Amino acid sequence: MTQLESAGAPARQFLPIDIGGVDVAGATRWLRTMLLIREFEAALDPLSMSGKIPGGLHLSIGQEAVAVGISAALEPQDLVACAHRSHHHALAKGLTPRSVMAELFGKATGCRGGRGGSMHLADLSIGFLGGNGIVGAGLGIAMGASLGSHLRGADQVAVGIFGDGGANTGRTWESVNIAAVWKLPLIIICENNMYAVETETERLTGGGSVSRRAEGFGLPVRTVDGNDVAEMYRVTREARERAARGDGPTFIEAKTYRYEGHSTGQIINYRTIDEVEDWRGTKDSIQRLRIALHEVGALEDDAFDELVRTSRETVQDAIAFAEGSPLPDPIEATREVTAVELGLGNAR
Amino acid sequence: MTPVTYSQAFQQAMHEEMTRDDRIFVLGTDLFDRGGHFGQVLGLGKDFGRERVRDMPISEAAMVAAGVGAALNGMRPVVDLNFIDFSFGAMDEIINQAAKMRYMFGTPMPLVIRGTSGVALYAAQHNNSLESVFAHIPGLLVAIPSTPADAKGLLKTALRGEDPVIFLMHKRLSGSRGEVGGPEDVIAFGEATVRRPGTDVTIVTYSHMVLKAMDAAERLAADGIQAEVIDLRTVMPLDIQTVAESVRKTGRLVAVTEAPCFGSIASEVAAWIQETMFDWLDGPVVRVGAKHAPIAHSPALFETVIPQAADIEAAARKLLKRRDA
């Protein structure tokens, strides 16, 4: 159960968000994508635990607004590289639920034919340069991609997304430094969900603030409520415009929260139920957008329920598609290792 | 054509290829004015400007990451790591990112990572031999030329290909001179060359050890022993076919490397040849490699760790004695 129906918690306890200046149809599309991500992620836990999906998964429930706000601010030709918690970014960038689900199942119809899986979802044809299994690595790839955009003179911006855990790896700051000194068309996003796996980031971060650390690199730094999709959109859009003008990168710290554990099937004993309930009950990004749309008369309760139902149908369709899809041909395991022939008996 | 040095050969290939293909650019430390610490990109800054000859901070991870990302986005970057020992700060970017991009994401990864390698001065932390480490990683190619002509021709192939290439240039070869090919003289990867034909024993090696193998072959020739010396030129792909053909003729193989012998390219060649050519061998495949120790500062120390021509010669003679017995 994802507890999304309108019969849930009373509206007044949620922090308000400002959707002024955002067109209502657009905001409704955001809501639809956020609901899709939440339903998609909620369906995965039992599939992972039962072994239908090989291995554990890093769920993004609670962090939907970060991904949707970013993607909403980008142009289709823009590029996104992120980290191990990647499903929401993949879906927001435009990978289909079917291709992501089939990839998680390890099927031939997945976006990478079963080679990638949860941490290596990718579709370069739509500018999604992948999740990444190594903390901090996605930002470096985005930084390099933005160098490519710059050298080609393309109207194209790259976004590198890492978590609060990534804020404590050295190479993150190597990339921030280069992007700043070269004024690359890059948007640097720290998706701070408060916990580096199971340890509070606050206890691990010297100076106590990722944003303050970034300020030392001489680029604009914005700290954002990552559960406010409209604010995520506005700040990212501003960063995109700045990058596209040739004025260089922006550093955005998006404060958010994951409702589930670091990965599927984990017992959470490192934070309180009160803390989780506070986020769910006052800062939930979906409820806040629902209320904002409701207040401007753009979304009645039954319309919201219909969006929830549609999302669930889409996810069920994706699961049925993945279950019905063929496994990859084993010959694929040794294909496309290199472009040249190695003489090692690899399949061509 | 006037002979050029090994470093100049690299520079020539870069210049010709950057002129031919404006997607090629180079980044690294001290490139624009100094031309790299070995003169390997001297003058490129003047001719191609700061956009395409990019000076980097000493941030190895970001250097390679910049290359990986740019290669994903339509460019053909050359990342100059100065000494290949500095790759340790970028090992994730090389092994977990660059090497796996084609496989994971289905994309070309035309990235060249240049590093000075091999054993010479400056002690333990500037003299790691990493060719077998990189060759071990699926997705990476490893070029390790011994002559200016090969440096030029192999680099051209690397710059026209789609794979990440670790391009290793030996310190002691930097100033060595030789004729080089023209703008279209490319040398394919995975094609070893016979540096000296012979019938009695095969010596297979690469990089600076080719010179020592040639010395050893001269000494053997003085006693009427004809050694065939094979230069692998790339160790991934590795041209085992040329080695096998030679062994079919000589029946004896000495596999030489300057790297620690344990787990080395010489070990790989030895294993491969004994598996596939056992019936053609007149004796065991002998490996001659470095002793298992870091490289010291004093030449009096490190020259005893790496193989010398006399060690190669002795190994060949020992193999040949088996025939006489």
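Since we're looking at a predicted model, the values are computed, not measured.

Engineer: Help me understand the overall build of chain B in this model?
Structural biologist: Within chain B, the regular secondary structure consists of 12 helices and 14 strands. What you see for chain B is a C-alpha radius of gyration of 20 Å, in line with the 20 Å of a compact globule of 325 residues. In terms of overall dimensions, chain B has a C-alpha envelope of 65 × 40 × 40 Å along the principal axes. Evaluated residue by residue, chain B yields a buried proportion of 58% over its 325 residues.

Engineer: Would you mind showing me how to read the sheet that holds strand S2 (residues 24-28) of chain B here?
Structural biologist: In a beta sheet, neighbouring strands are held together by backbone hydrogen bonds and run either parallel or antiparallel to one another. Residues and elements named next belong to chain B. Taken in spatial order, the 7 strands line up as S3-S2-S4-S5-S7-S6-S12 in an open sheet, and their pairing is mixed. Edge strands, defined here as strands with exactly one partner in the open sheet, are strand S3 (53-55) and strand S12 (234-236). Adjacent strand axes in the sheet meet at a mean angle of 20° when their direction is disregarded. For strand S4 (residues 76-83) and strand S5 (residues 112-117), the ladder comprises 4 bridges, and the chain directions are parallel. Counted as the bridge partner of Asp80 is Arg114 from S5. Across the face of the sheet, helix H2 (residues 44-52) comes into contact with S2 and S3 while running at roughly 65° to S3. Contacts between helix H7 (residues 148-160) and the sheet are confined to S2, S4, S5, strand S6 (141-143), strand S7 (165-170) and S12, with S7 contributing the most and set at about 165° to the helix.

Engineer: I'm lost on helix H8 (residues 229-244) of chain A in this one. Help?
Structural biologist: Side chains that are three or four residues apart share a direction in an α-helix, a result of its 3.6 residues per turn. Residues and elements named next belong to chain A. Over its 16 residues, H8 runs 22 Å from end to end, which matches the ideal 22 Å to within 8%, given 1.5 Å per residue. Residues Val229, Ala230, Met232, Tyr233, Val235, Thr236, Ala239, Arg240 and Ala243 constitute the buried set of H8. On its buried face, H8 sits against helix H1 (24-49), helix H2 (64-73), strand S3 (186-192), strand S6 (221-225), strand S7 (250-255) and helix H10 (285-295). Following H8 by one or two positions, Gly246 has its phi on the positive side, about 90°.

Engineer: What is the right way to read the nonpolar core from this model?
Structural biologist: Of all hydrophobic cores here, the largest spans 209 residues; its most connected members are Ala142(A), Met143(A), Val159(A), Val142(B), Ile203(B) and Val254(B). Residues lining this core come from more than one domain, with at least three contributed by each of domain 1 (4-178) and domain 2 (193-324) of chain B. Residues contacting Met143(A), with those up to four places away along its chain left out, are Gly160(A), Ser175(A), Ile178(A), Ala179(A), Leu184(A), Leu186(A), Ala62(B), Ala65(B), Ala66(B) and Gly69(B).

Engineer: What should I look at first to understand the sheet that holds strand S11 (residues 227-231) of chain B in this one?
Structural biologist: Residues and elements named next belong to chain B. The strand order S9-S11-S10-S13-S14 describes an open sheet built from 5 strands, whose pairing is mixed. The open sheet has two edge strands, strand S9 (193-196) and strand S14 (286-290), and neither has a second partner. Strand-to-strand twist across the sheet, computed as the mean angle between neighbouring axes with direction ignored, equals 25°. When strand S10 (residues 201-205) meets strand S13 (residues 253-260), the two strands line up parallel, connected through 3 bridges. Bridge pairing links Val204 to Ala255 in S13. Strand contacts of helix H8 (residues 209-222): S9, S10, S11 and S13, with the helix running at about 170° to S11, the strand carrying the most contacts.

Engineer: When you look at the domain arrangement of chain B in this model, what are you seeing that I'm missing?
Structural biologist: When the parts of a complex come together, some accessible area is lost, and that lost area is often taken as the interface size. All names here are of chain B. Segmentation of chain B into domains returns domain 1 (4-178) and domain 2 (193-324). The C-alpha centroid of domain 2 is placed 27 Å from the C-alpha centroid of domain 1. Of all the secondary structure elements, the ones that give two or more residues to the side of domain 1 that touches domain 2 are helix H6 (131-135), S6 and H7. Its residues assigned to classes, the side of domain 1 that touches domain 2 comprises 12 nonpolar, 6 polar and 3 charged.

Engineer: Quick question: what am I supposed to make of the pairing of S13(B) here?
Structural biologist: Each regular strand displays side chains that alternate between the two surfaces of the sheet. All names here are of chain B. Counting buried residues in S13 gives 8 out of 8 residues, a clear majority hidden from the surface. The pairing of S13 with S14 spans 4 bridges and is classified as parallel. Its bridge partner lying in S14, Val256 is registered against Val288. Regarding topology, helix H10 (residues 265-276) serves as the crossover connection from S13 to the parallel S14, and that connection is right-handed.

Engineer: I would appreciate a short explanation of the interface of chain B and chain A in the present structure.
Structural biologist: Opposite the 36 residues of chain B that make contact, chain A presents 34 residues. Taken together, the elements giving at least two residues each to the side of chain B that touches chain A come down to helix H3 (60-72), helix H4 (91-97) and helix H5 (101-105) of chain B. Per-element tally for the side of chain B that touches chain A: the top contributor is H3(B), with 9 residues. Taken together, the residues of the side of chain B that touches chain A sort by class into 18 nonpolar, 12 polar and 6 charged.

Engineer: Explain H2(B) here, please?
Structural biologist: Residue and element names in this part refer to chain B. Every buried residue of H2 is listed here: Leu44, Gly45, Phe48 and Arg52. All buried residues of H2 project into a common sector of 125° when viewed along the axis, lining one side. Residues of H2 that are exposed and point over 90 degrees away from its buried face: Lys46, Gly49 and Arg50. Turning to H2, the residues buried within the fold contact helix H1 (6-20), S2 and S3.

Engineer: How should unusual backbone geometry be read in this particular structure?
Structural biologist: The phi torsion of most residues other than glycine is negative, and most of the peptide bonds are trans. That bond from Met236(B) to Pro237(B) is cis: its omega, -5°, falls within 30 degrees of zero. Relative to the helices and strands, Pro237(B) is located in the loop between S12 and helix H9 (240-250). In this structure, Val197(A) is a non-glycine residue whose phi angle is positive, near 55°. Mapping Val197(A) onto the fold places it in the loop between strand S4 (195-196) and strand S5 (199-200). Since 13 C-beta atoms lie within 10 Å of it, Val197(A) is described here as partly exposed. Unusually for a residue other than glycine, Tyr122(B) sits at a positive phi of about 90°. By secondary structure assignment, the location of Tyr122(B) is in the loop between S5 and H6. Overall, Tyr122(B) belongs to the partly exposed group, with 13 C-beta atoms counted inside 10 Å.

Engineer: Looking at this structure, how should I read the pairing of S6(A)?
Structural biologist: Residues and elements named next belong to chain A. With 5 bridges joining them, S6 and S7 adopt parallel strand pairing. Its bridge partner being in S7, Val224 is matched across the sheet by Ala254. Where the polypeptide runs from S6 across H8 and back to S7, its parallel neighbour, the crossover connection is right-handed.

Engineer: Hey, could you run me through the confidence of the model for chain B in this one?
Structural biologist: When pLDDT is averaged across chain B, the result is 96; 99% of the residues are at 70 or more. The ipTM, which scores confidence in the relative placement of chains, is 0.94 for this predicted complex, and the corresponding pTM is 0.95.

Engineer: Mind showing me how you'd approach the packing of H9(B) against H10(B) here?
Structural biologist: A pair of packed helices is characterised by two quantities: the angle between their axes and the separation of those axes. Residue and element names in this part refer to chain B. Interaxial distance between H9 and H10 falls to 11 Å at its minimum, and their mutual angle equals 55°. Viewed along their axes, H9 and H10 adopt a mutual orientation that is oblique. Viewed along their axes, H9 and H10 form a crossing whose handedness is right-handed. In this structure, H9 contributes Ile240, Val243, Ala244 and Val247 to the contact, and H10 contributes Val269, Trp272, Ile273 and Thr276. Counted by class, the contact of H9 with H10 contains 7 nonpolar, 1 polar and no charged residues.

Parameters at a glance
Residues numbered from 1 in each chain as written. Chains lettered and ligands numbered in written order. Predicted model: local features only at pLDDT ≥ 70, side-chain atom pairs only at ≥ 80, totals over all residues. Helix = DSSP H or I, 4+ residues; strand = E, 2+ residues; numbered from the N terminus. Rg over C-alpha atoms; globule rule 2.2 N^0.38 Å. Buried ≥ 20, exposed ≤ 12 C-beta atoms within 10 Å, placed from the backbone. Pairing = 2+ DSSP bridges. Axes fitted to C-alpha atoms, helices over the stretch in contact; angles between N-to-C directions. Contact = placed C-beta atoms within 7 Å. Expected span 1.5 Å × (residues − 1). Core = buried A, V, L, I, M, F, W, Y, C linked by C-beta atoms within 7 Å. Domains from an automatic or database assignment. Nonpolar A, V, L, I, M, F, W, Y, C, P; charged D, E, K, R; others polar. Right-handed = clockwise from strand over helix to strand, strands pointing away. Arc of directions from axis to C-beta. pLDDT = per-residue confidence, 0-100. Parallel < 35°, antiparallel > 145°, perpendicular 65-115°, else oblique. Left-handed = near helix turned anticlockwise from the far one by under 90°.

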